[in-house]
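Per-entry structural report
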Amino acid sequence: MKRRSNLKSSERNTQPVNSAKKLKNTEDFGATSISCPNSKYTAVLLKGKVQLRQEETKGVKSFPADKSQGRILCHALTTDFFHYGTDSGHVVCVSLKDGKTVSSFTHTVGVREVFPAQRGKHLVFTDEKKSGYLLSTSTESDSCLELPDFSPTITGALWDSWHPERGVFAAYDHEKVYVYALHKLTIYGSWVSLVGSECLHPSKKPMSLENGVLTCQLASGQTSKLTLSTHSYLKQAGSSSSKLSKQLTRAVMLNRLDEGLDLVRTHTKERLLKKLGKACLIHMEVELAIQVYRLSQNVSMVSSLEAIRGIKENKLLAGHLAMFLGEYNLAQDHYLSSSCPLAALEMRRDLSHWEKALKLAKDLAEDQIPYISKEYAAHLEQTGDFLKALAHYKNGLTHNNQEHNEACQAGVARMLITVGDIRGGVAKAIQHPSRVLKQECGALLESVRQLSQAAQLYEMGQYYDQAALVYMQCKDWAKVGELLPHVSSLKTHQRYAKAMEANGKYKVAAQAYKRAEDWDNLTRILLDHLNNPEAAVHVVRQTKSKEGAKMVARFFLLLKNYDSAIRILVLCQCNDEAFKLAQQHRQVEVFAEIIGAEATQDDYGNIAQYFEAEKNHLQAGYYFHLGEQYRGALENLLMCDSTENGLAVDMAIEVVCQAKDICLTDQLIDYLTGKTDSKPKDPVHLFRLYMALQRHTEAAHVANSIASEQLCSGNYRVSHDLLFKMYRELLDHKTDISTEMSTNLMLLHSYLLAKIHVKRGDHLKAAHLLSRVSENIRMFPAHVVPILTSAVIECQRAGLRNSAFNHAVTLMRPDNRKQIQQKYRRKIEDIVRHPHKSEVVDDMTPCPVCGSLLPQNELLCTSCKSNLPYCIATGQHMLREDWSVCPHCDFPALHSQFLLLLKTEKACPMCCQTLGADEVKKISDCSKYLATVNLNRRTTASP
């Protein structure tokens, strides 16, 4: 029975050896031997001892060498090591190479079974309490970790041969396989985790494990392979987020962080990246962590990890990583056990863990205690723990840093005032060189109503604005007056001004209001108390203050000076108030005059409505026009009485031109033509309207009509100027000119020009001109007899006796004879009774259009049928070789004759503009002027 028990035990112990073979049972040994894969050693357990025999030399060693280790209960062989466990809890590893003990670990209770890794670095053993442990023998001091959720029925353990350094192994019994992983290097130290479990058929006996594939021996002796569920994610692609999360969890538990990175790289979900990043930090995989946090675009973490990636010391590196994870106590422990314990102090200071920082400083860096105390005191001051802050400020004083000491002394001063030691705090603040401290202490004193001390500190710190305000609260006006030249705050000056006003010191108050730029109160003081309206008006003019303007206006109203009141309101753009005032006192005309071009559309509308209500239609129309209310403007202008009619019509023309409204234009035309009231108005207005509207054809008809009326009335200059103006307008706008207008202008100009030549004594030119007029004498009904008389006299003087006879015959008709002046009657009768029909022959000159010869005073060419341009100096037709024009009106003149005329005359006979002979230039090419002549020829040819 004992040999049968030994057999079972030794069979279990054969599992770590791949080629183990059972030898025959013998009565001598009473046990089963275990051979290593290379068959160099055989181990035999007999009565609590193991005989280790080398097959080549047949040498035998007995274990345990030390009887105190107790009886051996289990043992196992690997390629290089021999392991055994005793009933006293010893687990020993012996090197097969030299027979020396490599490691020895003492457990609390007896060891039942051992399952070593092939390379001998790790070993799993079970004890008498049926608990499982993992023993690491590769570290300086052996570490033993209890296996979590360990089954008491475990019969064996196999180590994963794929990357054995990752520490993955499987423990099994007859029903299940349990997969464990050793996490050797983490910030939390080493630990073993249960990755998962898998059901196992009783007929399968595990033999080896590689990359999650379990090779089992069947009862038939054949083998089968089983992929463990813990490693199945390697062959399955995760699609859903939950599945990816599970796969990532398995990869982390199996120490396969690089494979976890491959998983999240293709599915960059923030939650998975965060999870993997934390796992990398825990396992101290800095390079992998940098890649993960770059994927998640966590710039700050990448920067922090870059800064520590070159650290080789595990403890220091673990401290940094624990700090990144918020495990500050753990980080401190790592820092203190590293080669840089001061890192723990720096961490606590950065985290404002002042109490812990002070404790660390006492042990690590006493010279830092004053600086930490100062920082702690500042923190306590902010949180309101003033007594404790005072103590730490005092503890912060040192002897070798002046700037630091000044900061601590400033804190002491503030805290003394805060805790009630006013005298001590003020004394400290006065002694301290900082201006800012004096301001801070002044504010603290002001908050506890210690005003005099607060003002003193403000003044010493050169905070004059605050000092003045506090002195005001103390009613120390003399001190305030001393500080005012240094005060820049307008509110401070204003408060002082109000206080002085309340005390009846109005001049001082006015000066203070001026410094405060409080112009409204300054205006009020000047008017109500200092009786200085001139200064008040000056202030309002300079500042354009509306409230000030209203005050000045009220002052002038009391004096019944409405003009000044309205003016000051308008100046400050108080137009509504100014209009109401003007309306109340019937001064709207004054308001309108003052506001001028500064008025708004609403202002113009208000003024116009006022004048409309007052039946002042001319003013109403004018202001409606300015306000662009054209319909109202026209209606009022057309309602004006006869005394204002001319001005009203001129304004109405401006209105319709700006309005560009056909209805308003037609309304004005109906009014001017008399369709509205059966009273036609002066046609000059209609002419001006058409001209303003640039309706030149209608204007030309009206101008002809007006000119005809003026001709009938004998107003030849007026008629001439009107036709000339119309002629120029039509030319400028390239509008056809009627024959009637051209002829009328030519005849009127000939008559006026004849007077000039009579005065000059050039009777021949005068005779030809008057003869031209006499031939159309019906157009001059008001002066038929005087014109014919002048023609007879001038023709007689010029030797044109036949022409004189013809004109005299016309005069002798019964309807004209009675009107002949007595002094000319006999002479004219003698010309008729004794006719002399001799005639001076008119010179023949070429036509400027076709070149045919014709009399120089003839204006119609019989060859080309052109109406020829006439000289404005002689009335003769123009010559190509003697062409010039007036530079003002552009009418043509014979250059030689024009210069001759300008020797006695100082103006152009056509436009009456002052003209000098040097201004007239001879024109060699008159083609463009003749083009106008040809246009006129076509115009006049039309009916």
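Refer to the structure printed above.
Below or above, wherever it landed, is the structure these notes cover. Keep in mind it's a predicted model, so treat the numbers as computed, not measured. (Residues numbered from 1 in each chain as written. Predicted model: local features only at pLDDT ≥ 70, side-chain atom pairs only at ≥ 80, totals over all residues. Heavy atoms only, no water.)

**Overview of the sheet that holds strand β16 (residues 191–199)**
Strand order in the open sheet formed by four strands is β13-β14-β15-β16, and the pairing between neighbours is antiparallel. Either end of the sheet is taken by a strand with one partner, and the two such strands are β13 (156–159) and β16. Along the sheet, successive strands turn relative to each other by an average axial angle of 25°, direction set aside. Packing of helix α2 (residues 241–253) onto the sheet brings it into contact with β15 (176–183) and β16, and relative to β16 it is tilted by some 125°. (Pairing = 2+ DSSP bridges. Helix = DSSP H or I, 4+ residues; strand = E, 2+ residues; numbered from the N terminus. Axes fitted to C-alpha atoms, helices over the stretch in contact; angles between N-to-C directions. Contact = heavy atoms within 4.5 Å.)

**Description of the packing of helix α3 (residues 257–266) against helix α4 (residues 270–282)**
At their nearest, the axes of α3 and α4 sit 10 Å apart, and the two run at 165° to each other. When the interaxial angle is binned, α3 and α4 end up roughly antiparallel. Between α3 and α4 the crossing geometry is left-handed. Across the interface between the two elements, Leu257, Gly260, Leu261 and Val264 from α3 touch Leu272, Leu273, Leu276, Ala279 and Cys280 from α4. For the contact of α3 with α4, the class distribution of residues is eight nonpolar, one polar and no charged. (Parallel < 35°, antiparallel > 145°, perpendicular 65-115°, else oblique. Left-handed = near helix turned anticlockwise from the far one by under 90°. Nonpolar A, V, L, I, M, F, W, Y, C, P; charged D, E, K, R; others polar.)

**Observations concerning the packing of aromatic side chains**
A full pass over the atoms with the stated rule returns 14 aromatic pairs. Aromatic pair Phe82 and Tyr84: ring centres 5.7 Å apart, planes at 40°, arrangement tilted. Here Phe82 matches Tyr84 in class, with each residue buried. Ring geometry for Trp159 against Phe169: centres 4.6 Å apart, planes inclined by 45°, an arrangement best described as tilted. (Phe/Tyr/Trp six-rings, centres within 6.5 Å; stacked < 30°, edge-to-face > 60°. Buried < 20%, exposed > 50% of the residue type's maximum accessible area, 1.4 Å probe, protein only.)

**Things to note about unusual backbone geometry**
Residues Phe63 and Pro64 are joined by a peptide bond in cis, for which omega reads 5°. Mapping Pro64 onto the fold places it in the loop between β4 (60–63) and β5 (72–77). The residue Ser352 is not glycine, and still its phi comes out positive at about 60°. Mapped onto the elements, Ser352 comes out in the loop between α9 (342–350) and α10 (354–364). Positive phi is not limited to glycine here, since Gln462 has a value of about 65°. Following the sequence through the fold, Gln462 ends up in the loop between α16 (451–460) and α17 (464–473). Overall, the relative accessible area of 47% leaves Gln462 in the partly exposed class.

**Things to note about the environment of His877**
Structurally, the position occupied by His877 is in the loop between β21 (853–855) and β22 (883–885). In this structure the C-alpha to C-alpha distance between His877 and Cys861, which are 16 residues apart in sequence, comes to 9.7 Å. Polar side-chain contacts of His877 include one of 3.3 Å to the backbone oxygen of Pro855. (Polar contact = N/O pair within 3.5 Å; in protein donor to acceptor, adjacent residues only side chain to side chain.)

**A closer look at the sheet that holds strand β17 (residues 205–210)**
In space, the three strands of this open sheet follow the order β17-β18-β19, with antiparallel pairing throughout. Pairing within the sheet leaves two strands with one partner each, and these edge strands are β17 and β19 (223–227). The average angle at which neighbouring strand axes cross in this sheet is 25°, direction not considered. Where β17 and strand β18 (residues 213–217) come together, five bridges link them in antiparallel fashion. Residue pairing in the sheet places Lys205 in a bridge with Gln217 of β18.

**What about the nonpolar core?**
Core analysis: the largest hydrophobic core is formed by 109 residues, its most contacted members being Leu668, Phe687, Met726, Phe780, Phe891, Phe898 and Met910. The element best represented in this core is helix α35 (residues 739–760), accounting for ten residues. Residue contacts for Met910: discarding those within four places in its chain leaves His720, Phe724, Leu745, His749, Tyr870, Ile872, Cys889 and Phe891. Core analysis: the second largest hydrophobic core is formed by 54 residues, Ile282, Ile290, Val292 and Leu390 among them. (Core = buried A, V, L, I, M, F, W, Y, C linked by side-chain atoms within 4.5 Å.)

**Description of the side chain of Thr874**
Relative to the assigned elements, Thr874 resides in the loop between β21 and β22. In this structure, Thr874 is in contact with Leu753, His757, Lys765, Leu769, Leu894 and Gln897, ignoring residues within four places of it in sequence.

**So, the layout of surface pockets**
Volume-wise, the second largest pocket comes out at about 930 Å³. Around the second largest pocket sit 38 residues that line it, and Asp160, Pro164, Glu165, Arg166 and Gly167 are the ones nearest its centre. Of all the secondary structure elements, the ones that give two or more residues to the lining of the second largest pocket are β13, β15, β17, β18 and α3. (1 Å grid on protein atoms, 1.4 Å probe; cavity = no way out; pocket = protein on both sides within 12 Å on 5 of 7 lines; lining within 4 Å. Points joined across faces, edges and corners; volume = space filled by probe spheres on them.)

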